Amino acid sequence: VALYNTTFEAAGFSPLPQWREPPESLTATPALAKTYPLMLSDYHTSKVFTAGWQRNIPQLRAMQPDPVLHIHPKTAGERGIQDGDWVEVESPHGWLRVRAEIYPGIRPDTVMMLHGWWQGCQAMGKDDLPLLDGGANVNLMYSVDPEKAFDPLVTAMCSQTLVQVRRCSEDN
Amino acid sequence: MNENIQKDVRKMSQEYGFYFEPEKCIQCHACQAACKSWRLTEPEIDWRWVQTVWSGDYPDVSLASLSISCQHCVQPECVDACPEDAIEKRAEDGVVAVDPQRCIGCQACLDACPFNVPRFGADDIMQKCDMCRPAAEDGSTPPACVATCPTGALQCGLRDVDAKKDQEECLRQQLACK
């Protein structure tokens, strides 16, 4: 394992991993955190789906019919949110409509969801989800500020932002 | 083979049953998927499913897995609840079996079941796990869920009736605290 990367160093980058604030976080942007008090990030590993597909297979979709937001019971309780409620998740860049899953194993100041939700499931009468606001495409929630959101050595944007979560209906 | 499971000749105090070891479960849902694909249940119909039970408060929190299907209870409450005598506790192997010809779809069994097992699909007739018997007539062919479990967390075979009863009680408590 090359912890000290001499190629990076020769190209003028830091040879060792460096920490810096993400574009939006409780400590980087405390003023923004007054409107959006929770951290949002996403995970890519699912029990039943691979990346952003296979939502169309009814046997798999039945195990996870809708996109869910993992939320701590205290955080949910403060917002009148119960397990399975539809919730609106809003960041400075967009908003999603997903179901709350009360999840005691998550930090109370953080919410998480699975990425890659767009595909419908005809056999279960589930339509494709909107790719933009009102769907469950977590990518649109994040900053794409070229100065802050990208690491020069990584193509993906920083998958972290601040959000507010409130109860809503399935259709609004 | 698990020491809690025996495959020898059935004694009077024994009947067939499942045995689940949560510490071996990796929550892959293979048992659930195998049941659905081998038994061709409708998409929303699960004869077996995997459930999680949390305990403690963050950050001292822990998660346990449960793979749940019909427990084929030693004294099944669904049998007594059925007004049509459509559910039978089979004497020869202990399997709780439903007679689809007699079932009228009243769902009284669902109200009675402590584990929320009975399912009602398009035909409104009660359906549930039959332990893949009589396909596994002599117990040598395990049910689809057991055959598929990659860690051996789920087993099936002859079990002492008292151990089965304890397991039912344990599951009741785990589900009550969810």
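Residues numbered from 1 in each chain as written. Chains lettered and ligands numbered in written order. Predicted model: local features only at pLDDT ≥ 70, side-chain atom pairs only at ≥ 80, totals over all residues. Heavy atoms only, no water.

A short note on the sheet that holds strand E3 (residues 86-91) of chain A
Residue and element names in this part refer to chain A.
At step 1: Pairing in this closed barrel of six strands is mixed, and the strands run E1-E5-E2-E4-E3-E6 around the ring. With direction set aside, neighbouring strand axes in the sheet form an average angle of 45°.
At step 2: Pairing analysis gives four bridges linking strand E2 (residues 68-71) to strand E4 (residues 94-102), with the strands arranged parallel. Residue His 70 lies in a different strand from E4, and its bridge partner there is Glu 101. (Pairing = 2+ DSSP bridges. Helix = DSSP H or I, 4+ residues; strand = E, 2+ residues; numbered from the N terminus. Axes fitted to C-alpha atoms, helices over the stretch in contact; angles between N-to-C directions.)

Regarding a negative patch on the surface
At step 1: A surface patch of negative charge is lined by Glu42(B), Glu44(B), Asp123(B) and Asp124(B).
At step 2: Mapped onto the fold, Asp123(B) is located in the loop between strand E6 (119-120) and strand E7 (126-127). (Patch = residues over 30% accessible without salt bridge, like charges linked within 9 Å, V, L, I, M, F, W, Y side chains within 5 Å. Areas by Shrake-Rupley, 256 points an atom, 1.4 Å probe, with all protein chains shown as cover. Salt bridge = Lys/Arg side-chain N within 4 Å of Asp/Glu carboxyl O. Lys, Arg positive; Asp, Glu negative; His and termini not counted. Charge placed at Lys NZ, Arg CZ, Asp CG, Glu CD.)

As for the interface of chain A and chain B
At step 1: Between chain A and chain B, the contact holds 13 residues from the first and twelve residues from the second.
At step 2: Of the roughly 1200 Å² buried between chain A and chain B on both sides combined, carbon and sulfur atoms contribute 70%.
At step 3: It is Lys47(A), Met63(A) and Pro104(A) that lose the most area in chain A upon contact with chain B, and together they represent 46% of the buried surface on that side.
At step 4: At the boundary of chain A with chain B, the tally comes to zero salt bridges.
At step 5: Taken together, the links from chain A to chain B amount to two residue pairs in polar contact (both at pLDDT 80 or more).
At step 6: Considering only residue class, the side of chain A that touches chain B consists of eight nonpolar, three polar and two charged. (Contact = heavy atoms within 4.5 Å. Buried area = accessible area lost by both parts, 1.4 Å probe. Polar contact = N/O pair within 3.5 Å; in protein donor to acceptor, adjacent residues only side chain to side chain. Nonpolar A, V, L, I, M, F, W, Y, C, P; charged D, E, K, R; others polar.)

Section: the side chain of Arg90(B)
Residue and element names in this part refer to chain B.
At step 1: Tracing the backbone shows Arg 90 in the loop between strand E4 (87-89) and strand E5 (96-98).
At step 2: Residue classification places Arg 90 among the buried positions, given a relative accessible area of 16%.
At step 3: Setting aside residues no more than four positions away along its own chain, Arg 90 makes contact with Val 95, Ala 97 and Arg 133. (Buried < 20%, exposed > 50% of the residue type's maximum accessible area, 1.4 Å probe, protein only.)

Remarks on the pairing of strand E5 (residues 110-114) of chain A
A regular strand places its side chains on the two faces of the sheet in alternate fashion.
Residue and element names in this part refer to chain A.
At step 1: Counting buried positions along E5 gives four out of five residues, so the element sits mostly inside the fold.
At step 2: Of the strand pairs in this sheet, strand E1 (residues 38-43) and E5 are connected by five bridges, and their pairing is parallel. Looking at E5, one finds that Asp 42 is bridged to Met 113.
At step 3: Pairing analysis gives two bridges linking E2 to E5, with the strands arranged antiparallel. When the sheet's bridge partners are listed, Leu 69 is paired in E5 with Met 113.

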